[in-house]
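This is what each chain is made of:
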Amino acid sequence: MQQEVLKAFRFTLDPRPAQVEVLLRHAGAARWAFNHALGMKVAAHKEWRSQVQALVDQEVPEAEARRRVKVPVPSKPQIQKHLNLIKGDSRKGDLPEGALGPERPCPWWHEVNTHAFQSAFIDADRAWQNWLGFVAGKRAGRAVGYPRFKKKGRCRDAFRLHHDVKRPGIRPVGYRRLRLPTVGEVRLHDSAKRLVRLLDRGRAQVQSVTVSRGGHRWYASVLCKVVVELPGKPTKAQAQRGTVGVDLGVKYLAALSQPLDANVPESRFVDNPRHLVRAEKQLAKAQRTLSRTQKGSARRHKARCRVGRLHHEVAVRRATVLHAMTKQLASRFSAVAVEDLHVAGMTRSARGTVEAPGTRVRQKAGLNRAILDAAPGEVRRQLIYKTRWYGSKLAVLDRWFPSSKTCSACGWQNPRLTLADRTFHCGGCGLSTDRDENAARNIARHAVVADDSPVAPGRGETQNARGAPNPAGLKARRQGASKREGTGPPGTVPPQRSNPLTLPDPHGQQPAKHP
């Protein structure tokens, strides 16, 4: 069926040196505009707090004082209107003293596109609303702190431009150039043939473009409304393969319940490339060089760029592998089953506190790096939308199900299985198999198909890849317990007994009981 969706086309830019200066100027303008808008919001919030405190000092109850004080926080329209009144103009020379202040801000505003300011104001509004939503307990996901100002050299260089869709200023010129308002035509490192053909056929409409810098590269993400054909059901080949269980881990990037390629049995296990481990020596050398430089020097800037470039290359390699794997899973099977992993809890530090210090802290830190390098949350995020693209379904297994400790054949459990045990030996039916493969089979059997649409209706939010619960308020800084098998709420199986689970039998027979 045909459906209009928002889709981003990402291109690598190859700008000239003069265009790089223009891009940096726009990124700096967006950063300044965000800080300006946030500063006005923070000032209004401080005024509200001071008035509340004044009433509290007069022995007014704090709850009553909060209800009585009303200080509006300016939003994008008010901020933009105020800036238009006070901003200077470098083309007109000096302004008379005291006209609208001794010094007018951003006299260079005419050198950049106005949408760089407007999009930054929108981002500041969104950051403020995200914090308010978390304080009120209406926002799902991890804790959202008080909005912070962006600092040059630490925040990501990026800006967003919009245009009039009836008179498009953002458009590809041929297959190898992209026109950006105020910036001009920028050469692309790759081809825009796919986007150009969709535009020529009237199946796509450019909405905006986000230009960002990662490492030594500039990227352009063109957001379009695209009319796509979303399959309503799996293909015949997908239906024949059925459901595949995916056990994400560190030893293997993914262990599958059935081979990824039916003709290659070895494809049951997807090797973990360990991108960060491969780049450790180069990163260590580059970081040592950076630590020996003097702050503010040109040599330090060069060394910092070197470290950023290495980290960016690792991120690009990781994204390439994950996108290739998730596409094959979503396009070759009718359903993809994964675990509801709590990655934030799994990678929490083991340092403990001063009163109760942790143990094996360095080993846990190495495990945390390995888990984050495998990026299990990113795998699930990609599967959420790719399963819709290719007509398959996404099934999610309950976080507390002991998939590694349960026999995939008879349901017998081994509660004493440790991470060092790489082979699962069943005490009931005698099955002996790799523990990750056994877990993948359990995931494929017991996972429940999730909602068809990843986007929630109305104003609700989507569930993120970590499956985080909705926090109750400011005190909900910590997420729920991580995925640790056998530590969840008591189920049908006692923790020290090896009774089988009640598993559905495909032949309709009752499961056998083992002593």
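Residues numbered from 1 in each chain as written. Predicted model: local features only at pLDDT ≥ 70, side-chain atom pairs only at ≥ 80, totals over all residues. Heavy atoms only, no water.

Engineer: Now, about the overall build of the chain: what can you tell me, with residues and values included?
Structural biologist: Of regular secondary structure, the chain possesses 13 helices and 15 strands. The long-range share in the chain, meaning contacts at least 24 apart out of those at least 6 apart in sequence, stands at 67%. Working note: accessible area of the chain is about 29,900 Å², and carbon and sulfur atoms make up 52% of it. (Helix = DSSP H or I, 4+ residues; strand = E, 2+ residues; numbered from the N terminus. Contact = heavy atoms within 4.5 Å. Areas by Shrake-Rupley, 256 points an atom, 1.4 Å probe, with all protein chains shown as cover.)

Engineer: Mind laying out the sheet that holds strand E1 (residues 2–13), listing which residues take part and the relevant values?
Structural biologist: What the four strands build is an open sheet, ordered E1-E7-E6-E2; its pairing is antiparallel. Looking along the sheet, the strands with just one partner apiece sit at the ends: E1 and strand E2 (158–162). Neighbouring strand axes in the sheet, compared pairwise and without regard to direction, differ in orientation by 20° on average. When E1 meets strand E7 (residues 217–229), the two strands line up antiparallel, connected through 12 bridges. Across the sheet, the residue bridging to Phe11 is Ala220, located in E7. The strands touched by helix H1 (residues 17–57) within the sheet are E2, strand E6 (204–214) and E7, with E2 carrying the most contacts at an inclination of about 90°. (Pairing = 2+ DSSP bridges. Axes fitted to C-alpha atoms, helices over the stretch in contact; angles between N-to-C directions.)

Engineer: So what's going on with unusual backbone geometry? Residues and values would help.
Structural biologist: Working note: non-glycine residues mostly have negative phi, and peptide bonds are mostly trans. Unusually for a residue other than glycine, Arg360 sits at a positive phi of about 50°. Relative to the helices and strands, Arg360 resides in the loop between helix H10 (343–346) and helix H11 (361–374). Positive phi, close to 55°, is recorded for Ala375, a residue that is not glycine. Locating Ala375 in the fold gives a position in the loop between H11 and helix H12 (376–389). Exposure remark for Ala375: the relative accessible area of 13% places this residue in the buried category. (Buried < 20%, exposed > 50% of the residue type's maximum accessible area, 1.4 Å probe, protein only.)

Engineer: Lay out the side chain of Lys386 with the relevant residues and their values.
Structural biologist: With respect to the secondary-structure elements, Lys386 resides in helix H12. The buried charged residue Lys386 lacks any salt bridge, with Glu378 as its nearest oppositely charged partner at 7.8 Å. Dropping the residues within four chain positions of it, Lys386 is found in contact with His323, Thr326, Lys327 and Ala330. (Lys, Arg positive; Asp, Glu negative; His and termini not counted. Salt bridge = Lys/Arg side-chain N within 4 Å of Asp/Glu carboxyl O.)

Engineer: Account for the pattern of salt bridges, naming residues and giving values.
Structural biologist: All chains considered together, the criterion is met by 19 salt bridges. With a shortest N-O distance of 2.8 Å, Arg67 and Glu64 are connected by a salt bridge. Pair noted here: Arg67 and Glu64 are both in helix H2 (residues 62–68), with a separation of three residues, about one helical turn. For Arg67, a relative accessible area of 51% gives the class exposed.

Engineer: Got a sec to walk through the pairing of strand E12 (residues 393–397)? Specific residues and values, please.
Structural biologist: Buried residues dominate E12, accounting for four of its five residues. With five bridges joining them, strand E11 (residues 335–339) and E12 adopt parallel strand pairing. Across the sheet, residue Ala335 finds its bridge partner in E12, namely Lys393. Where E12 lies against strand E15 (residues 448–449), two bridges are found, and the strand directions are antiparallel. Its bridge partner being in E15, Ala395 is matched across the sheet by Val449.

Engineer: Can you break down helix H5 (residues 193–200) residue by residue, with the values?
Structural biologist: For H5, the complete set of buried residues consists of Leu195, Val196 and Leu198. Each buried residue of H5 sits inside an arc of 165° when the element is viewed along its axis, so together they form one side. The exposed residues of H5 that point more than 90 degrees off its buried face are Arg194 and Asp200. Considering only its buried residues, H5 is in contact with E1, strand E3 (171–172), E6 and E7. (Arc of directions from axis to C-beta.)

Engineer: Any chance you could break down the packing of aromatic side chains for me, citing the residues and the numbers?
Structural biologist: Enumeration according to the criterion identifies nine aromatic pairs in this entry. Feature note: the residues Trp32, Trp108 and Phe117 constitute an aromatic cluster, connected by ring pairs. Seen from the ring of Trp389, Lys7 lies directly overhead, with NZ or CZ sitting 4.9 Å from the centre. One residue, Lys87, lies across the ring of Trp109, its end atom 3.8 Å from the ring centre. (Phe/Tyr/Trp six-rings, centres within 6.5 Å; stacked < 30°, edge-to-face > 60°. Lys NZ or Arg CZ within 6 Å of the ring centre and 35° of its normal.)

Engineer: Account for the packing of helix H3 (residues 76–86) against helix H4 (residues 114–135), naming residues and giving values.
Structural biologist: As a packed pair, H3 and H4 sit with axes 9 Å apart at the nearest point and diverge in direction by 140°. Relative to H4, the element H3 is oriented oblique. As for the relative orientation of H3 and H4, their crossing is right-handed in sense. Seen from H3, the contacting residues are Lys76, Ile79, Gln80 and Leu83; seen from H4, they are Phe117, Gln118, Phe121, Ile122 and Asp125. For the contact of H3 with H4, a count of residues per class yields five nonpolar, two polar and two charged. (Parallel < 35°, antiparallel > 145°, perpendicular 65-115°, else oblique. Left-handed = near helix turned anticlockwise from the far one by under 90°. Nonpolar A, V, L, I, M, F, W, Y, C, P; charged D, E, K, R; others polar.)

Engineer: Just give me the short version of the environment of Leu310, but keep the residues and values in it.
Structural biologist: Here Leu310 lies in helix H9 (residues 298–332). In this structure Leu310 comes out as buried when scored by relative accessible area, which is 3%. Separated by 28 residues in the primary sequence, Leu310 and Gln282 place their C-alpha atoms 7.8 Å from one another. Ignoring sequence-local partners within four residues, the contact set of Leu310 consists of Gln282, Leu283 and Ala286.

Engineer: Which residues make up a positive patch on the surface, and what values go with them?
Structural biologist: Taken together, Lys285, Arg288, Arg292, Arg299 and Arg306 make up a surface patch of like positive charges. Every element with two or more residues in the positive patch is listed here: helix H8 (280–291) and H9. Arg288 gets classed as partly exposed once you look at its relative accessible area, which sits at 44%. (Patch = residues over 30% accessible without salt bridge, like charges linked within 9 Å, V, L, I, M, F, W, Y side chains within 5 Å. Charge placed at Lys NZ, Arg CZ, Asp CG, Glu CD.)

Engineer: Quick one: what's the story with the pairing of strand E8 (residues 243–248), residue by residue and with numbers?
Structural biologist: Within a regular strand, the side chains alternate between the two sheet faces. In terms of burial, E8 is a largely internal element, five of the six residues being buried. With three bridges joining them, E8 and E11 adopt parallel strand pairing. Paired with Gly245 across the bridge in E11 is Ala337. Pairing analysis gives three bridges linking E8 to strand E9 (residues 252–256), with the strands arranged antiparallel. Bridge assignment links Val246 to a residue of E9, and that residue is Leu256. If you look at the hairpin formed by E8 and E9, you'll find three residues sitting between the two strands.

Engineer: Would you mind going over the sheet that holds strand E5 (residues 184–187) in detail, with residue names and values included?
Structural biologist: One open sheet accounts for three strands, arranged E3-E4-E5; its pairing is antiparallel. In this open sheet, the two edge strands, each paired with only one partner strand, are E3 and E5.

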